[in-house]
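Residues per chain are reported as follows:
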Amino acid sequence: MSNNIKGNPFKYAITIDPKQLLETAVGRSLKLSLPKIKTSKTERLRILLLNRIRYIEKNLVTNLLEFLRRIPDLDNTHEFYRAAVDVYFSIDEFKKTLGRISGTIRVIEKLSEEYLRNIRGIKVNIYLPETFFVRHLKKLWRQYLARMNSFIYEISEAFDYLNSAIKKLKALPDYNPELETIIVCGPPNSGKSSLVGKLSNARVQIAEYPFTTKNVVFGHIKLRSRFEKTIQIVDTPGLFDRPLGDRKKEELLTLQSIRTIANGVIFLFDCSVERTLSAEQQIRIYQEVTSFLRNSKIIAGLNKIDIMDEKVYNAIYDFITRDINIKPIPLSIKQSIGLDQILSEIERLFG
Ligand SMILES: Nc1nc2c(ncn2[C@@H]2O[C@H](COP(=O)(O)OP(=O)(O)OP(=O)(O)O)[C@@H](O)[C@H]2O)c(=O)[nH]1
Ligand SMILES: [Mg+2]
């Protein structure tokens, strides 16, 4: 599929259940009735079975082609979506599976052609009763269905794989490469979704437990300083302190989003008495995030000062001012403290 689509190229993709597809096609083919022409019973049955097989073949092939047509060509999709395919599955595996499904179409066509030929090939003669030929035709029809069934059964695993991939990928947001993008990231439960929810129109999910956010969620902010300039702001799944190889898929999605689309990040630390990670752990996450960022537009927010753990706050504050020389912004997103400063920083970096 060519990708002149704006936003998520997977949004038009569909899932397909090949067993259901076959069942429906066969069911509909059974509704075809014997042709009303003046000829022998054998001939009329022959025509009916040929019609049924042609119907099943056409129905399956049309649906499978449509399924494939709606899957974007990975070589022509934005790096962000390609990275997401690689996070959830693997680009290689994805392409191989698509190849298998194209092969499926050829097998369906070959199998159908074979039985159309066999059915056409039955020569009637006057030495045998008509029931003999009728039985023969019915046997071929049953054979066709059995072979088709077992073939579809064999390849249904490939479809399961692609269907689950498509469900994940369809849920990705519409990224607009024409707008600059700021990604909000940080440890779990630090207030990322709360911030994106307060600053933008994004429909975020907020809860008191960590790892609430499972997907990247986009919102938009209109800058005040530059008339009509809009930027994208992105809520992301929280990052735990662990090696890259042990990271959950949601965390990898956050890091890949930073690598592929971030023009800047807002890193939110959790400085509260309720924090799940120590200052040192949060700092390590910060350092990993910056290694994925292609530029140096970073805003550091120290959140939850309303229930601040002073030691944690001071340790993080010192690290930021000393080691990276930017001015951290103390925040209580819940009480809307510091949001203006965040907005001013965004204006300064992107305005
Ligand atoms: N006391 C206090 N609570 C806050 C503040 N900001 C957010 N919270 C609360 O912290 C909890 C987590 O907030 P979220 O916005 O869901 O945090 P998150 O970083 O998106 O969490 P994950 O998606 O799980 O990584 C919620 O119960 C919020 O109400 C704050 O400034 N002060
Ligand atoms: Mg969240």
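Enquirer: Sorry if this is basic, but what is going on with the domain arrangement of the chain here?
Expert: Bring the parts together and some accessible area is lost; that lost area is often taken as the interface size. For the chain, the domain assignment lists domain 1 (18–170) and domain 2 (181–350). Here the C-alpha centre of domain 2 lies 50 Å away from the C-alpha centre of domain 1. Of the residues in the side of domain 1 that touches domain 2, the class split is 5 nonpolar, no polar and 1 charged.

Enquirer: Sorry if this is basic, but what is going on with the packing of helix H2 (residues 41–69) against helix H4 (residues 91–121) here?
Expert: In contact at an axis separation of 10 Å, H2 and H4 are set at 170° when each is read in the N-to-C sense. One element, H2, and the other, H4, form an angle in the roughly antiparallel class. Every residue of H4 that contacts H2 at Arg-46, Leu-49, Leu-50, Ile-53, Glu-57, Leu-60, Val-61, Leu-64, Leu-65 and Leu-68 is listed here: Leu-98, Ile-101, Ser-102, Thr-104, Ile-105, Ile-108, Glu-109, Ser-112, Tyr-115, Leu-116 and Ile-119. Among the residues making up the contact of H2 with H4, the classes are represented as 15 nonpolar, 3 polar and 3 charged.

Enquirer: Explanation requested: the site of ligand 1 in the structure shown.
Expert: Taken together, 22 residues sit near ligand 1, with Gly-191, Ser-193, Ser-194, Thr-213 and Gly-238 positioned nearest. Looking at the shell around ligand 1 element by element, the count peaks at 3 residues for helix H6 (residues 192–199). The class makeup of the residues in the shell around ligand 1 is 7 nonpolar, 10 polar and 5 charged.

Enquirer: Can you help me understand the nonpolar core in this one?
Expert: For soluble globular proteins, the rule of thumb is that nonpolar side chains tend to be buried together. By size, the foremost hydrophobic cluster in this structure holds 57 residues, and its most contacted members are Val-184, Ile-233, Val-265 and Phe-267. When residues of this core are assigned to domains, at least three map to each of domain 1 (18–170) and domain 2 (181–350). Ile-56, Tyr-115, Phe-133 and Leu-137 belong to the second-largest nonpolar core, a separate cluster that totals 15 residues.

Enquirer: How do you make sense of the pairing of strand S5 (residues 298–303) when you look at a structure like this?
Expert: Every regular strand shows the same layout, with side chains that alternate between the two sheet faces. Along S5, 5 of the 6 residues are buried, which leaves the element largely enclosed by surrounding structure. The sheet contact formed by strand S4 (residues 264–270) and S5 spans 6 bridges and is parallel. By the bridge assignment, Ile-266 is partnered in S5 with Ile-299. Handedness of the crossover joining S4 and S5 through helix H8 (residues 279–292) is recorded here as right-handed. Strand direction decides the pairing type here: S5 and strand S6 (residues 329–330), joined by 2 bridges, are parallel. Across the sheet, the residue bridging to Gly-301 is Ile-329, located in S6. With helix H9 (residues 310–324) bridging S5 and the parallel S6, this β-α-β connection has right-handed handedness.

Enquirer: For this particular structure, what's the right way to read the sheet that holds strand S2 (residues 217–222)?
Expert: Paired through their backbone hydrogen bonds, the strands of a sheet run either parallel or antiparallel. Spatially, 6 strands are ordered S2-S3-S1-S4-S5-S6 in an open sheet, and the strand pairing comes out mixed. The open sheet has two free edges, formed respectively by S2 and S6, since each of these has just one partner strand. With 4 bridges connecting them, strand S1 (residues 181–185) and strand S3 (residues 230–235) associate as parallel partners. When the bridges of S3 are listed, Val-184 appears paired with Asp-235. Sheet contacts for H6: S1, S2, S3 and S4; angle to S3, the most-contacted strand, approximately 155°. H8 rests against S1, S4 and S5 of the sheet, and its axis sits at about 170° to S4.

Enquirer: Help me understand helix H10 (residues 339–350) in this model?
Expert: The end-to-end C-alpha distance of H10 is 16 Å, a good match for the 16 Å that 12 residues give at a rise of 1.5 Å each. Every buried residue of H10 is accounted for by Ile-342, Glu-345 and Ile-346. Buried residues of H10 fall within an arc of 100° about the axis and therefore sit on the same side. Exposed residues lying more than 90 degrees from the buried face of H10 are Asp-340 and Arg-348. The elements touched by buried residues of H10 are S1, S2, S4, S5 and S6.

Cut-off values and rules
- Residues numbered from 1 in each chain as written.
- Chains lettered and ligands numbered in written order.
- Predicted model: local features only at pLDDT ≥ 70, side-chain atom pairs only at ≥ 80, totals over all residues.
- Domains from an automatic or database assignment.
- Nonpolar A, V, L, I, M, F, W, Y, C, P; charged D, E, K, R; others polar.
- Axes fitted to C-alpha atoms, helices over the stretch in contact; angles between N-to-C directions.
- Helix = DSSP H or I, 4+ residues; strand = E, 2+ residues; numbered from the N terminus.
- Parallel < 35°, antiparallel > 145°, perpendicular 65-115°, else oblique.
- Contact = placed C-beta atoms within 7 Å.
- Near = placed C-beta within 6 Å.
- Core = buried A, V, L, I, M, F, W, Y, C linked by C-beta atoms within 7 Å.
- Buried ≥ 20, exposed ≤ 12 C-beta atoms within 10 Å, placed from the backbone.
- Pairing = 2+ DSSP bridges.
- Right-handed = clockwise from strand over helix to strand, strands pointing away.
- Expected span 1.5 Å × (residues − 1).
- Arc of directions from axis to C-beta.

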